Amino acid sequence: MWEIVVESGTSAGGPGVRLLNGDVELMFLGQFQHSLDEKGRLMIPAPYRQTLEGGAFIMQGFDRCLMVMTKPYFEQVYERINSMNLADPATRLLRRMILSTAYSVDLDKIGRILVPQNLRQFAGFDSEAIVAGQGEYFEVWTPAEWGQQMNAIQDTEANSQRFATLNLSSQP
């Protein structure tokens with residue numbers, strides 16, 4: 001799967017660059033604590049900014065968080081959703097969740113995006129946020145909600161059972 005993995009911050013086309021299946025992908029990795037100002041602008045971590053220069057979309061996440069995707073990745077998600085059967089109630093609900101909460105966002109001159117009020121209310125943001133990389137996209141959490149996620153992630157006993165059926169080895 002991974003052909004070449006470079007150390008973060010080294011020169012291979014930019015920070016966080018990974019070569020995946022022959023295509024260079026800028027990935028969102030790591031977690032950062034940032035603030036939201038009184039207008040709802042979120043400072044984007046410096047390693048993520050170059051990847052967002054072509055535009056991005058912010059939307060409600062599957063958990064009590066927000067998801068931020070690059071424009072090309074959002075287009076892929078849209079194509080996938082658009083190919084689903086509209087007669088299926090779950091498809092319609094997914095379309096509503098993703099598309100009715102999605103907003104186009106651009107970085108301002110100092111690296112912030114404006115988080116729409118309805119999304120701030122959904123996620124419960126006050127003045128602090130955790131930005132957590134998820135590969136092709138990143139999530140934005142309140143510190144309290146992210147703390148609950150970290151508790152689950154750090155439960156090694158539960159993880160052994162939770163992830164037992166996943167094959168993460170390099171062998172097919």
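Scroll up for the structure.
Residues numbered from 1 in each chain as written. Predicted model: local features only at pLDDT ≥ 70, side-chain atom pairs only at ≥ 80, totals over all residues. Heavy atoms only, no water.

1. Points about the overall build of the protein chain
Stated precisely, the cut-off is as follows: To qualify as a helix, a DSSP run of H or I must reach at least 4 residues; to qualify as a strand, a run of E must reach at least 2; elements of each kind are numbered from the N terminus. Think of it in three bands: residues with accessible area under 20% of the maximum for their type are buried, residues over 50% are exposed, and the middle band is partly exposed, with areas taken using a 1.4 Å probe on protein chains only. Residue contacts are counted whenever heavy atoms from the two residues lie within 4.5 Å of one another. Surface accessibility follows the Shrake-Rupley procedure with a 1.4 Å probe radius. Residue values consider only the protein chains on display as shielding.
Regarding its fold elements, the protein chain presents six helices and eleven strands. Per-residue burial for the protein chain yields a buried fraction of 37% across its 172 residues. Put simply, of all contacts in the protein chain between residues at least 6 apart along the chain, 54% involve residues at least 24 apart. Carbon together with sulfur atoms contributes 51% to the accessible area of the protein chain, which is approximately 10,500 Å² in total.

2. Observations concerning the pattern of salt bridges
Test applied: By definition, a salt bridge exists where a carboxyl oxygen of Asp or Glu is found within 4 Å of a side-chain nitrogen of Lys or Arg.
Counted under the stated rule, the structure contains three salt bridges. Residue D37 pairs with R112 through a salt bridge whose shortest N-O separation is 3.5 Å. Within this pair, whereas D37 is found in the loop between strand 4 (31–35) and strand 5 (41–43), its partner R112 is found in strand 9 (residues 112–114), the two being separated by 75 residues in sequence. Where R112 meets D108, a salt bridge forms, and the shortest distance between an N and an O atom there is 2.7 Å. Residue classification places R112 among the buried residues on the basis of a relative accessible area of 18%. Residues joined in a network through salt bridges with shared partners are D37, R41, D108 and R112.

3. Re a nonpolar patch on the surface
Here is the rule: Here, patches come from residues exposed beyond 30% relative accessible area and free of salt bridges, joined within 9 Å for like charges and within 5 Å for nonpolar side chains (Val, Leu, Ile, Met, Phe, Trp, Tyr).
Judged by side-chain polarity, F163, L166 and L168 come together as a nonpolar surface patch covering roughly 360 Å² of accessible area. When you line up the elements, L166 lands in the segment after helix 6 (156–162).

4. Focus on the sheet that holds strand 8 (residues 103–105)
As a reminder, the rule being used: Two strands qualify as a pair provided DSSP detects at least 2 bridges between them. Axis lines are fitted through C-alpha atoms, for helices just across the contact stretch, and the angle between N-to-C directions can take any value from 0 to 180 degrees.
Spatial ordering of the open sheet is given by 4-10-11-7-6-8, a layout of six strands whose pairing is antiparallel. The open sheet terminates on both sides in strands that have one partner only, identified here as strand 4 and strand 8. Averaged over all neighbouring strand pairs, the angle between strand axes comes to 30 degrees, with direction disregarded. Pairing geometry for strand 7 (residues 66–70) and strand 11 (residues 137–141), over four bridges, is antiparallel. Bridge pairing in strand 11 links M69 to Y137. Running at roughly 105 degrees to strand 7, helix 2 (residues 71–82) makes contact with strand 6 (56–60), strand 7 and strand 11 of the sheet.

5. Notes on the packing of aromatic side chains
By convention here, two paired aromatic rings are described through the distance between centres and the angle between planes. Selection criterion: In summary, the pairing rule links any two rings of Phe, Tyr or Trp, Trp by its six-membered ring, whose centres are within 6.5 Å, and it sorts them by plane angle into stacked for under 30 degrees, edge-to-face for over 60 and tilted for everything else.
Under the counting rule described, the total for this entry stands at seven aromatic pairs. Geometrically, the ring pair formed by F28 and Y48 is edge-to-face, given 4.9 Å between the ring centres and 75 degrees between the ring planes. Here F28, found in the loop between strand 3 (23–26) and strand 4, pairs with Y48, found in helix 1 (residues 46–49); they are 20 residues apart in sequence, far enough to count as distant. Given a relative accessible area of 0%, F28 falls into the buried group. According to the relative accessible area criterion, Y48 is buried, its value standing at 1%.

6. Topic: the pairing of strand 10 (residues 128–133)
Burial analysis of strand 10 places five of its six residues in the buried class, which makes it a mostly covered element. Judged from the five bridges that link them, strand 4 and strand 10 form a sheet pairing that is antiparallel. Across the sheet, Q33 pairs through a bridge with I130, a residue of strand 10. Alignment of strand 10 against strand 11, held across four bridges, turns out to be antiparallel. Bridge pairing links G133 to F138 in strand 11. Where strand 10 folds back onto strand 11 in an antiparallel hairpin, the turn is made up of three residues, including G135, whose phi is positive at roughly 85 degrees.

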